[in-house]
Amino acid sequence: MKTFCGRANPTTGSMEWLEEGEDYDYHQEIARSRYADMLHDKDRNVKYYQGIRAAVSRVKERGEKAIVLDIGTGTGLLSMMAASAGADFCYAIEVFKPMANAAVKIVEKNGFSDKIKVINKHSTEVTVGPDGDMQCRANILVTELFDTELIGEGALPTYEHAHKYLVQEGCEAVPHRATVYVQLVESRRMWSWKKLFPVHVEAEDGEKILVPPSEMENCPGVPSVCDIQLNQMPSSDFITLSDVITMFSVDFSKPVQSASTYYRVQLEPVKSGKAQIVLSWWDIDMDPSGKINCTMAPYWVKTTSALQWRDHWMQCVYFLPREEPVLQGEKLYLTACRDEYSVWYNLQKAREGENEADEEEHKADVRVESPVCRCRAHLLWNRPRFGQLNDQSRTRQYIRSLRKVLKTDSVCLCISDGSLLPVLAHYLGAKQVQCMQPSRIDLYHPHFFKANHLEDKIKIIEARPELLKPSHLEDKKISVLVGEPFFTTSLLPWHNLYFWYARTAVSTHLASNVTVLPQSASLHMMIVEFQDLWRIRSPCGTCEGFDVQTMDDMIKDSLNFRESKEAEPHPLWEYPCKSLSDPQEVLTFDFTKTVPQQCLSTEGSVKLLRKGKSHGAVLWMEYHLAADISVSTGLMQLSNEKGNCEWNPHCKQAVYFFSSVIESEILSDPTAVTYAIKFDTKTGEIAMDFKM
Ligand code: SAH
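Reading the values: the criteria
- Residues numbered from 1 in each chain as written.
- Predicted model: local features only at pLDDT ≥ 70, side-chain atom pairs only at ≥ 80, totals over all residues.
- Heavy atoms only, no water.
- UniProt positions renumbered as here; feature names shortened; annotations may be inferred.
- Helix = DSSP H or I, 4+ residues; strand = E, 2+ residues; numbered from the N terminus.
- Rg over C-alpha atoms; globule rule 2.2 N^0.38 Å.
- Buried < 20%, exposed > 50% of the residue type's maximum accessible area, 1.4 Å probe, protein only.
- Contact = heavy atoms within 4.5 Å.
- Areas by Shrake-Rupley, 256 points an atom, 1.4 Å probe, with all protein chains shown as cover.
- 1 Å grid on protein atoms, 1.4 Å probe; cavity = no way out; pocket = protein on both sides within 12 Å on 5 of 7 lines; lining within 4 Å.
- Points joined across faces, edges and corners; volume = space filled by probe spheres on them.
- Nonpolar A, V, L, I, M, F, W, Y, C, P; charged D, E, K, R; others polar.
- Domains from an automatic or database assignment.
- Near = heavy atom within 4 Å.
- Polar contact = N/O pair within 3.5 Å; in protein donor to acceptor, adjacent residues only side chain to side chain.
- Sits in = over half its atoms within 2 Å of the grid points.
- Salt bridge = Lys/Arg side-chain N within 4 Å of Asp/Glu carboxyl O.
- Disulfide = S-S within 2.5 Å.

By the naming in an unreviewed UniProt entry, the protein chain is Protein arginine N-methyltransferase 7, taken from Phainopepla nitens. Checking UniProt for the protein chain, the heading Catalytic activity (unreviewed entry) contains the comment "L-arginyl-[protein] + S-adenosyl-L-methionine = N(omega)-methyl-L-arginyl-[protein] + S-adenosyl-L-homocysteine + H(+)".

J.: Would you mind going over the overall build of the protein chain with me for this structure?
T.: Per the secondary structure count, the protein chain includes 16 helices and 38 strands. Computed over its C-alpha atoms, the radius of gyration of the protein chain comes to 28 Å, within 12% of the 26 Å expected for a compact globule of 692 residues. C-alpha extents for the protein chain along the principal axes are approximately 90 × 70 × 50 Å. Per-residue burial for the protein chain yields a buried fraction of 57% across its 692 residues. In the protein chain, the share of contacts with a sequence separation of at least 24, taken over all contacts with a separation of at least 6, comes to 77%. With an accessible surface of roughly 29,300 Å², the protein chain has 49% of that area assigned to carbon and sulfur atoms.

J.: In this structure, what is going on with the layout of surface pockets? I would like to understand it.
T.: To find leftover empty space, a probe the size of one water molecule is rolled over the atoms. The space that makes up the second largest pocket amounts to roughly 790 Å³. As for the second largest pocket, its lining consists of 34 residues, and the residues nearest its centre are Tyr-35, Glu-94, Glu-144, Leu-145 and Glu-153. Listed by contribution, the elements that provide at least two residues to the lining of the second largest pocket are α2 (35-39), β3 (67-71), α4 (77-84) and α6 (155-165). Element by element, the count of residues in the lining of the second largest pocket is highest for α2, at three residues. Partitioning the lining of the second largest pocket into residue classes produces 14 nonpolar, 11 polar and nine charged. Three or more residues apiece are contributed to the lining of the second largest pocket by two domains, here domain 2 (34-144) and domain 3 (178-375).

J.: Sorry if this is basic, but what is going on with empty space enclosed by the protein here?
T.: Per the counting criterion, the structure on display carries five cavities of 30 Å³ or more. Approximately 70 Å³ is the volume attributed to the second largest cavity. As for the second largest cavity, its lining consists of Gln-388, Leu-389, Arg-394, Thr-395, Tyr-398, Ser-419, Leu-420, Leu-421, Leu-424 and Glu-484. Counting residues per element, the ones that place at least two in the lining of the second largest cavity are α10 (383-389), α11 (392-405) and α12 (421-427). Top element by residues in the lining of the second largest cavity is α11. It accounts for three residues. Considering only residue class, the lining of the second largest cavity consists of five nonpolar, three polar and two charged.

J.: Please clarify how the site of the ligand should be interpreted in this entry.
T.: Around the ligand there are 18 residues in total, and Tyr-35, Arg-44, Gly-72, Glu-94 and Ser-123 lie nearest to it. The contact in question runs from an oxygen atom of the ligand to an N or O atom on the side chain of Arg-44, over 2.8 Å. For the ligand, the protein covers 89% of the area, taking 580 Å² as the surface of the free molecule. Taking a 2 Å distance to the grid points as the criterion, the majority of the atoms of the ligand fall inside the second largest pocket.

J.: What should I look at first to understand the pattern of salt bridges in this one?
T.: Pairing between side chains becomes possible if they bear opposite charge and their charged atoms approach one another. Going through the model one piece at a time under the given rule, you end up with 28 salt bridges. A salt bridge links Arg-62 to Glu-172; the nearest nitrogen and oxygen atoms lie 2.8 Å apart. Remark: Glu-172 occurs in strand β7 (residues 167-174) and Arg-62 occurs in the loop between α3 (42-61) and β3; sequence separation between them is 110 residues. Of the residues examined, Arg-62 reaches a relative accessible area of 40% and is grouped as partly exposed. Between Lys-578 and Glu-529 there is a salt bridge whose closest N-O contact spans 3.8 Å. In this pair, Lys-578 is assigned in strand β29 (residues 577-579) and Glu-529 in strand β25 (residues 520-530), connecting sequence segments 49 residues apart. Assessed through its relative accessible area of 25%, Lys-578 is described here as partly exposed.

J.: Please clarify how the state of the cysteines should be interpreted in this entry.
T.: Each disulfide consists of a covalent bond between the sulfur atoms of two cysteine residues. Under the counting rule described, the total for this entry stands at zero disulfides. Cysteine Cys-373 shares no disulfide, and the gap to the nearest cysteine sulfur, in Cys-219, comes to 3.8 Å. No disulfide involves Cys-435; its sulfur sits 6.3 Å from the nearest other cysteine sulfur, which is in Cys-414. On the basis of relative accessible area, Cys-435 is assigned to the buried category, the value being 2%.

Written as structure tokens, this is what we have:
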């Protein structure tokens, strides 16, 4: 069997469909899966075990046999917990075939084959009866089908179906209940992920202010969840305007309804401010009494016990459709709307002299349709990209460098997706400005240019770089070629080197004395010890006494599937690490020249300066815009004493996990790491290898 996998080609900036063996998809799925992270989540595991033991005892106390249904068994962990807690029989359902196979092996290895039946089906396909998958309905329902938004992985329809067809009335459920909490906040930092702020430019003829089209003001944005490690957001970056509010709960031991609905609470701000963001997280009670509780509450809410680090459950950031000034103590209504898979929020002010009888009237105002972007910008820019475009110090660097290179007779072409550079170039006096957005259909920019009366000033070229014709440029040669560079199809930092390929493709249109901005780029690397991120790729061995090595081996195989392992993108501002080496420049890319035929490669060794576990290498790009002006998409600051790193908050960096993490080897204090890094100019990819 062959499958087709979509992948952006970094040499053409466009999506290509590659034929891959059946294994490919499966290895990708396993290698990037969250199973290891879940197995390392001690707090979750301990509480599930406690909850399962309590549920089995309650059933036994009633004199019944304990028949367990475990939907989404993964490794079989929760079924094995149930079996060792004394359950009479477990039906372990798993839809993902490789996992179901692994569960069979793990269950066997741990000696539970006679108590646990693994069924490789989606739960809605499971049959009950003498000839069915299950002999009878279960009286204990165990699942772990939750994502950061609680319902995004389809927990509600799965529960709805299970209650109708697979479990007895009055069954025990572990978890018993989930509760969603919210807090209303003002945060310029998070709001900058939703809205473009005005950009101020000191032009020759006075200050210019670049504004977003008015539709953006009330645009609800896109429905996709914004899940982040909120524990990495310093308290100085937001102002809490309300207490923590219980928004809604789901009781999993009763029939569950998945149809769209909404929940509304009244609240009074504890502070006046601008309501912009709803922060949200959930907790699960493993038993009806609520004594066994597993919570995702962030650091400022949960102060009692140590926080459990986990990446499979984080916290959510919801953006209100528009910013709302609120006063301390005034009456507000916050509405959570949800469909089967996602949640969104609305804030309304109570009307003068309103009382409960007016409730009904408000209901009519509740917007239950899911958010749809009306301003088109949210279809073009994702949240980190909004943040990047709103980063004023970054914009200043571009303005400073453009000012150095632009002249009044400049013919300027900008190649980058959804960029503000063409506008900046125009304001800074370029005679002719054109732009090309190779990997994106952009419905927003025409709008944006119009809102700023620039529609006649900046021309959008609808051709790809290799198809550029002199007529597109009004028969002029390009004297200034600019790029951020940024392309929406890029996954890893070096994929933005597509700018170099595009520059090569338009070579014949460049004036002999052309200025290219950035003039060059460099790849940088540093060896780090992660505080927690290493867990997502590290084997677990045993989990709460159960041998899950089969799973570890499977993940290891998938990570080593290709002859050389791959680096993976992670936004490191969310994942603290300590540098063990100095940052090092490893490759440079000269944009004033065309892409060479031969590969660029380098070898060397990095000295380890600090004690610590070498978990991996972090790699990022820096762009040299003009003499003395550079922007980094990775390291922003390094404190020399402890090696604490500050990362660019709008970019993902590349992380290459060393085999010491994947194999869980204990290394005796290495003093250096040797590396071999190769940029393949034919594919635009970077291959690397490291040795201690
Ligand atoms: N129970 C395991 C794994 C949880 S991950 C543990 O707690 O460690 C969730 C698993 O559920 C995934 O393997 C996914 O493939 C599976 N899954 C999700 N919805 C399902 C459904 N409706 N029927 C069967 N499997 C499902």
